Amino acid sequence: MGATVKRDIPEKYADHPIQIKVGRPVRIFFVNIGPKRTSTFHVVGTVFSTVYRSGNPANAFHGVQSFEVGPGDGAVFEFTVHEAGDYPFVDHAIARAYKGAIGIFHAVP
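Scope of this entry: the structure provided in the associated data block. Note that the structure is predicted; figures quoted are calculated from it, not measured. (Residues numbered from 1 in each chain as written. Predicted model: local features only at pLDDT ≥ 70, side-chain atom pairs only at ≥ 80, totals over all residues. Heavy atoms only, no water.)

Side note on the overall build of the protein
Part 1: Along the protein, the regular secondary structure elements total 1 helix and 9 strands.
Part 2: The order of helices and strands in the protein, counted from the N terminus, is α-β-β-β-β-β-β-β-β-β.
Part 3: When each of the 109 residues of the protein is scored for burial, the buried share is 33%.
Part 4: Considering only contacts within the protein whose residues lie at least 6 apart along the sequence, 65% involve residues at least 24 apart.
Part 5: Roughly 7100 Å² of accessible area belongs to the protein as shown, and the carbon and sulfur atoms make up 56% of that amount. (Helix = DSSP H or I, 4+ residues; strand = E, 2+ residues; numbered from the N terminus. Buried < 20%, exposed > 50% of the residue type's maximum accessible area, 1.4 Å probe, protein only. Contact = heavy atoms within 4.5 Å. Areas by Shrake-Rupley, 256 points an atom, 1.4 Å probe, with all protein chains shown as cover.)

Next comes the structure, spelled out in structure tokens:
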């Protein structure tokens, strides 16, 4: 049985998922504006093919499931999905999802 979450404001990308295509690469430019908390970014059901710490190609990580981005920093995430469906993206501080830090990629053929 799922939990019911009372939301004060709509989560833009949960209520209106971002459409992606099966088999096509997805690239996310992620910035953590802080000011004090890190964010561990994750797309449920995927493994990032490449993550570029601070957006720098010299700082590439491969085969990463989640990645921590410090306050005032950023990263570029790349992945490809192989099945149609919904792929939620979250901060692994899951309590933040209840406050709006959640969205969905909707993969179509």
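With respect to the sheet that holds strand β1 (residues 18-21)
Part 1: A sheet is described by the order of its strands in space; here 5 strands give the open sequence β1-β9-β8-β3-β6, paired in mixed fashion. A strand with exactly one partner marks an edge of an open sheet, and here the two such strands are β1 and β6 (66-69). Averaged over neighbouring strand pairs, the angle between their axes works out to 25° when direction is ignored.
Part 2: Of the pairings in the sheet, the one linking strand β3 (residues 39-43) to β6 comprises 4 bridges and is antiparallel in character. Bridging across to β6, T40 finds its partner in E68. (Pairing = 2+ DSSP bridges. Axes fitted to C-alpha atoms, helices over the stretch in contact; angles between N-to-C directions.)

Thoughts on the packing of aromatic side chains
Part 1: Counting across every chain of the model gives 11 aromatic pairs.
Part 2: For the ring pair F48 and F77, a centre distance of 4.8 Å and an interplane angle of 50° mean the geometry is tilted. Note that F48 is positioned in strand β4 (residues 48-53) and F77 in strand β7 (residues 74-79), a separation of 29 residues in sequence.
Part 3: In this structure F48 comes out as buried when scored by relative accessible area, which is 0%.
Part 4: Of the residues examined, F77 reaches a relative accessible area of 0% and is grouped as buried.
Part 5: For the ring pair F61 and F67, a centre distance of 5.3 Å and an interplane angle of 50° mean the geometry is tilted.
Part 6: The class of F61 is partly exposed, set by a relative accessible area of 32%.
Part 7: What links up through ring pairs into an aromatic cluster is the set F30, F41, F48, F61, F67, F77, F79, F89 and F105. (Phe/Tyr/Trp six-rings, centres within 6.5 Å; stacked < 30°, edge-to-face > 60°.)

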